[in-house]
Amino acid sequence: MALDIRRFIQRFVEEAADQLPRLREGINALEQGYADREQINELFRAAHTLKGSSRMLKLTPITALAHSTEELLSALRDETLAITPEIISLLNQAVDDLTDFVSQLAEGATGEELSAVDETLCSALENAAHGQTQPSLPVSAAPPTQSSLAKSSTATSSTAISSTATSSPPSALASESELRLSDTVRVRLDRLDDVIRLMGEVLSGHHHLHSLVDQARELCATLPIEQQVPFHAFNRELKDSVLTHDSLMSDVHDRALQMRMLPLSVVFDPLAKMSRELAQSLGKQVDCRVRGSEIELDRQMIDRLSDPLIHLLRNALDHGVETPLVRQAAGKPLRGQLKIEAWQDAGWVVVEMHDDGAGIALDAVRQKALAKQLITEEQLNALSEQETLELIFLPGFSTKSMITDFSGRGVGMDVVKRTVVDELNGDLQLACERGRGTRFTMRLPLSLAMMRVLLVSVGGMKLGVTAPYVSELVECSAESLIEAAGQRTLILRNEFVPVVSLAHLLELPASSVTDTTLLLVVHQRHQKLALIIDSLIDERDMVIKPLPTHLHHLPLVSGMVSMGRNTLVSLLHVPALLELTRRTAQRSGAERTAATIAQRILVVDDSLNTREIEKDVLEAWGYHVTLAENGRDGLAKALAEPFDAVLTDVEMPIMDGFALTARLRENEVYRHRPIIIITSREKEADRRRGIEVGADAYIVKGSFDQNNLVETLQALLG
């Protein structure tokens, strides 16, 4: 089926309408002298996005100018070039020309009908990027016309949906019998958004009526018996009316949201076309298969998902899929396979991109991370295999040794993570098998307009947490928590989960001490955190309000919800909470670590929290700790370099702790070195199994005591 290229050009115009103002704001910040490194990164990503999207649609003049602009911004980002008035002038001229190109597209021009790119400007931008001569701003031969000014105004304003009416000669309109009305009405997107926002306000305000029903019931109980019967009838009528309107308003709001839903085909279809063209330009052969393109997402989600998918596609084709000769030598089919799939999972949509290429070379990731000083060698040695893979999500990271039009600039994967996790409240997972390919999996909510929210009370304040980040609620006694490296810890099944007072994190008044502690266990991918809260207030679907611009500096708040009567409740941004807790733990761990580190310990556990807690305990006693996330990862690290002792869990994917212990005992280096099993398995049969495979000690997590662990280790090490 032929692609409707006009539809995709219209989407590009809409995307450019977002990117061009960002470029102008960033250039203005550069000119004023208050732009930081992150703002320059944002400028660079905006130009990079325009280049990639225009290349896909063969908008050659835009691609060429965006590429030259990107070259100059790359030099500014790498701090190899100082900001001068001439540089600012060149950037402003580039954005002006890009705006003019977009205006032409908005007025109906095709890629072939665009004006030719200003080669002088492109040369000046690239010469400036390489520090060659003083860049000079090309001067227009004629003053701007009214038409060109109108074009500029069109591109920088919000994109409007064009009218369905077309100009016709008077004779064509003479006969009323020939007039036809369309069965659709085209509405500006911002007007539809206003309707949805207002519906959300009504829905949020309506929830207040539930509290009035409860108050009426309580008031009824205080009345004399003879007055209770009529009041009870009134209360029943009020309750029925509220419940009826609940259903009606929820239905109206759902219908309004459905009007903004679009199929994933609007991004999947051009991705398939783009994959063929990029593969051909790279000298590769790729078959791209798309499934699930009929699944619908909110228009807001579709818009923000485009950039991550484009970056993942370019990454797969340039970094992953090999050339035909390399694939033939490896015994693979000459044509690479790229799969883009989507499926619905309850209230979520899962989008996955999978290639059968070479995978990600861990050694190359480690070397590049050290070369770019993104991480210290000590920190790198402590990372598991999965954590090492995820270094590719750091800003500025690229394993490419040469910068090309396609990759190597260190932009892309950080955009993917930031967009999916921070902006879309989703989850991003990376799986890789060397020589077999790489898989990126995104789990996304259907819409950002309404989500399930847990409302909790902390330090006298109401706060919200979106359901995707909530693992469970746990009520336990204070005595059931253990101390590990100065950190209160919950043993939750086969995992150590750090416990932190949410009131303390947010600097709120501490609540009174009670016999039981209520914990809200939140998570992001493999990391968990148990937050002490006062009480759970409610759980319901709520309309999410974005933060106003002047509150964007608050990293711990992701949005707001309305509780009625103009009461707003802050939504906690769980990834930021986890990061804050991790930084706090690292600082305290650094203070506890002894200056002289004697013996080296390998900790193997599939739980990120458990690994980190055991690491903190051991480093507090002066040991140097390396982490591994499963038995296979642990075995590889143990054989790569000698360790004085190994601590391992039992229940792990790929290779469990019993198998790891047995394999280590077969190696001469570890035949007599201490191996300690730390697990939640308490059965005597499991203890005997541990002894049979060669473990020197067996510690049960349920009765975990850090002093016992250290004393056992010290005794075994002598």
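This one's a predicted model, so the numbers in the text were calculated from it and none came from an experiment.

Parameters and conventions
- Residues numbered from 1 in each chain as written.
- Predicted model: local features only at pLDDT ≥ 70, side-chain atom pairs only at ≥ 80, totals over all residues.
- Heavy atoms only, no water.
- Helix = DSSP H or I, 4+ residues; strand = E, 2+ residues; numbered from the N terminus.
- Buried < 20%, exposed > 50% of the residue type's maximum accessible area, 1.4 Å probe, protein only.
- Contact = heavy atoms within 4.5 Å.
- Areas by Shrake-Rupley, 256 points an atom, 1.4 Å probe, with all protein chains shown as cover.
- Pairing = 2+ DSSP bridges.
- Axes fitted to C-alpha atoms, helices over the stretch in contact; angles between N-to-C directions.
- Core = buried A, V, L, I, M, F, W, Y, C linked by side-chain atoms within 4.5 Å.
- Phe/Tyr/Trp six-rings, centres within 6.5 Å; stacked < 30°, edge-to-face > 60°.
- Lys NZ or Arg CZ within 6 Å of the ring centre and 35° of its normal.
- Salt bridge = Lys/Arg side-chain N within 4 Å of Asp/Glu carboxyl O.
- Expected span 1.5 Å × (residues − 1).
- Parallel < 35°, antiparallel > 145°, perpendicular 65-115°, else oblique.
- Nonpolar A, V, L, I, M, F, W, Y, C, P; charged D, E, K, R; others polar.
- pLDDT = per-residue confidence, 0-100.

1. A word on the overall build of the chain
No. 1: Helices and strands together make up the secondary structure of the chain, namely 23 helices and 23 strands.
No. 2: Relative to its full complement of 718 residues, the chain shows a buried share of 49%.
No. 3: Partitioning the intrachain contacts of the chain with sequence separation of at least 6 by distance along the chain shows that 71% fall at a separation of at least 24.
No. 4: Looking at the chain as shown, the accessible area adds up to about 35,300 Å², and 51% of this sits on carbon and sulfur atoms.

2. Quick notes on the side chain of Thr438
No. 1: Mapped onto the elements, Thr438 comes out in strand S7 (residues 437-445).
No. 2: Its relative accessible area of 5% is what places Thr438 among the buried residues.
No. 3: Excluding its chain neighbours within four sequence positions, the residues that come into contact with Thr438 are Met353, His354, Asp355, Gly359, Ile360, Leu430, Ala431 and Cys432.

3. Considering the sheet that holds strand S10 (residues 470-477)
No. 1: Here we have six strands laid out as an open sheet, ordered S10-S14-S15-S13-S12-S11, and mixed in their pairing. Strands at the two margins of the open sheet, each flanked by one partner only, are S10 and strand S11 (482-484). The average angle at which neighbouring strand axes cross in this sheet is 40°, direction not considered.
No. 2: Pairing between S10 and strand S14 (residues 516-524): seven bridges, direction antiparallel. Residue Leu473 lies in a different strand from S14, and its bridge partner there is Leu520.
No. 3: Contacts from helix H19 (residues 608-620) reach S11, strand S12 (487-492), strand S13 (495-501) and strand S15 (527-533) within the one sheet, and its direction differs from that of S13 by about 75°.

4. Some remarks on the pairing of strand S18 (residues 568-572)
No. 1: The pairing of strand S9 (residues 461-466) with S18 spans two bridges and is classified as parallel. By the bridge assignment, Leu463 is partnered in S18 with Ser570.
No. 2: Bridge count for strand S17 (residues 557-562) against S18 is five bridges, and the pairing is antiparallel. When the sheet's bridge partners are listed, Ser562 is paired in S18 with Leu568.

5. Quick look at the environment of Asp240
No. 1: Counting through the fold element by element, Asp240 comes out in helix H9 (residues 225-258).
No. 2: Taking the C-alpha atoms as reference points, Asp240 and Val213, separated by 27 residues in sequence, lie 9.9 Å from one another.

6. Points about the environment of Leu65
No. 1: Its place among the elements puts Leu65 in helix H3 (residues 60-77).
No. 2: With near-sequence residues (within four places) excluded, Leu65 lies in contact with Ala94, Asp97, Leu98, Phe101, Val117, Leu121, Cys122 and Leu125.

7. Looking at the nonpolar core
No. 1: Within the largest apolar cluster, 119 residues are counted, with the highest numbers of intra-cluster contacts made by Leu65, Leu264, Phe268, Leu309, Val351, Ile392 and Met442.
No. 2: Dropping the residues within four chain positions of it, Ile392 is found in contact with Ile360, Val365, Phe397, Met413, Leu430 and Phe440.
No. 3: One finds Tyr623, Leu627, Ile676 and Phe704 within the second-largest nonpolar core, a separate group that totals 21 residues.

8. Regarding the packing of aromatic side chains
No. 1: Throughout the structure, instances matching the rule amount to two aromatic pairs.
No. 2: Plain terms: the ring middles of Phe393 and Phe440 are 6.4 Å apart, the flat faces sit at 80° to each other, and that makes the pair edge-to-face. With Phe393 in the loop between helix H15 (385-389) and helix H16 (413-423) and Phe440 in strand S7, this pair connects stretches of sequence that are 47 residues apart. Of the two residues examined, Phe393 and Phe440, each falls in the buried class.
No. 3: Just above the ring of Phe44 sits the side chain of Arg77; from NZ or CZ to the centre is 4.4 Å.

9. Notes on the sheet that holds strand S16 (residues 535-543)
No. 1: The five strands lie next to each other as S16-S8-S9-S18-S17, forming an open sheet whose pairing is mixed. With one partner strand each, in any of the chains shown, S16 and S17 form the two edges of the open sheet. Going across the sheet, the axis of each strand differs from the next one's by a mean of 35°, ignoring polarity.
No. 2: Where strand S8 (residues 450-458) meets S16, eight bridges bridge the pair, whose relative direction is antiparallel. Within S16, the residue paired with Ser457 across the bridge is Ser535.

10. Brief notes about the pattern of salt bridges
No. 1: Counted by the stated rule, this structure contains 32 salt bridges.
No. 2: Across the pair Arg217 and Asp214 runs a salt bridge, and its minimum N-O distance is 3.1 Å. With Arg217 and Asp214 both in helix H8 (residues 208-222), this residue pair falls three residues apart, about one helical turn.
No. 3: Looking at Asp214, the relative accessible area reads 34%, which means it is partly exposed.
No. 4: Taking the shortest distance from any N to any O, the salt bridge between Glu684 and Arg687 comes out at 4.0 Å. One end of the pair is Glu684 and the other is Arg687, both in helix H22 (residues 684-693) and three residues apart, which spans about a single turn.

11. Looking at H16
No. 1: The complete set of buried residues in H16 reads Met413, Asp414, Val415, Val416, Thr419, Val420 and Val421.
No. 2: Following H16 by one or two positions, Asn425 has its phi on the positive side, about 55°.

12. Structural notes on unusual backbone geometry
No. 1: With phi around 60°, Lys58 is a residue other than glycine that occupies positive phi space.
No. 2: Checked against the element boundaries, Lys58 lands in the loop between helix H2 (37-56) and H3.
No. 3: The backbone of Glu79 shows a phi angle near 60°, a positive value even though the residue is not glycine.
No. 4: Relative to the helices and strands, Glu79 is located in the loop between H3 and helix H4 (85-106).

13. Structural notes on H19
No. 1: The end-to-end C-alpha distance of H19 is 18 Å, a good match for the 18 Å that 13 residues give at a rise of 1.5 Å each.
No. 2: In terms of burial, H19 is a largely internal element, eleven of the 13 residues being buried.
No. 3: Among the residues making up H19, those that are buried are Leu608, Asn609, Thr610, Arg611, Ile613, Glu614, Lys615, Asp616, Val617, Leu618 and Glu619.
No. 4: Phi turns positive, to about 90°, at Gly622, one or two residues after H19.

14. Focus on the environment of Ala638
No. 1: Mapped onto the elements, Ala638 comes out in helix H20 (residues 631-640).
No. 2: Separated by twelve residues in sequence, Ala638 and Thr626 have C-alpha atoms that sit 9.7 Å apart.

15. Some words on the packing of H2 against helix H10 (residues 265-281)
No. 1: Relative orientation of the contacting elements H2 and H10 amounts to 90°, with a least axis distance of 9 Å. Classed by the angle they form, the pair H2 and H10 counts as roughly perpendicular. Contacts between H2 and H10 involve Gly52, Arg55 and Met56 on the former and, on the latter, Pro270, Lys273, Met274, Glu277 and Leu278.
No. 2: Split into classes, the residues belonging to the contact of H2 with H10 amount to four nonpolar, one polar and three charged.

16. Here's the deal with the confidence of the model for the chain
Parts of the prediction with low pLDDT should not have their coordinates interpreted in detail.
No. 1: Across the chain, the average pLDDT comes to 80, with 86% of residues at or above 70.
No. 2: Helix H6 (residues 146-156) is the least confidently modelled element of the chain, averaging 37 in pLDDT, while strand S21 (residues 645-648) averages 94, the highest of any element.
No. 3: Within the model, pLDDT remains below 50 along residues 401-405, and this stretch shows ten contacts once partners closer than five positions in the same chain are excluded.
No. 4: The model gives residues 590-597 a pLDDT under 50, and that stretch makes twelve contacts with residues more than four places away or in other chains.

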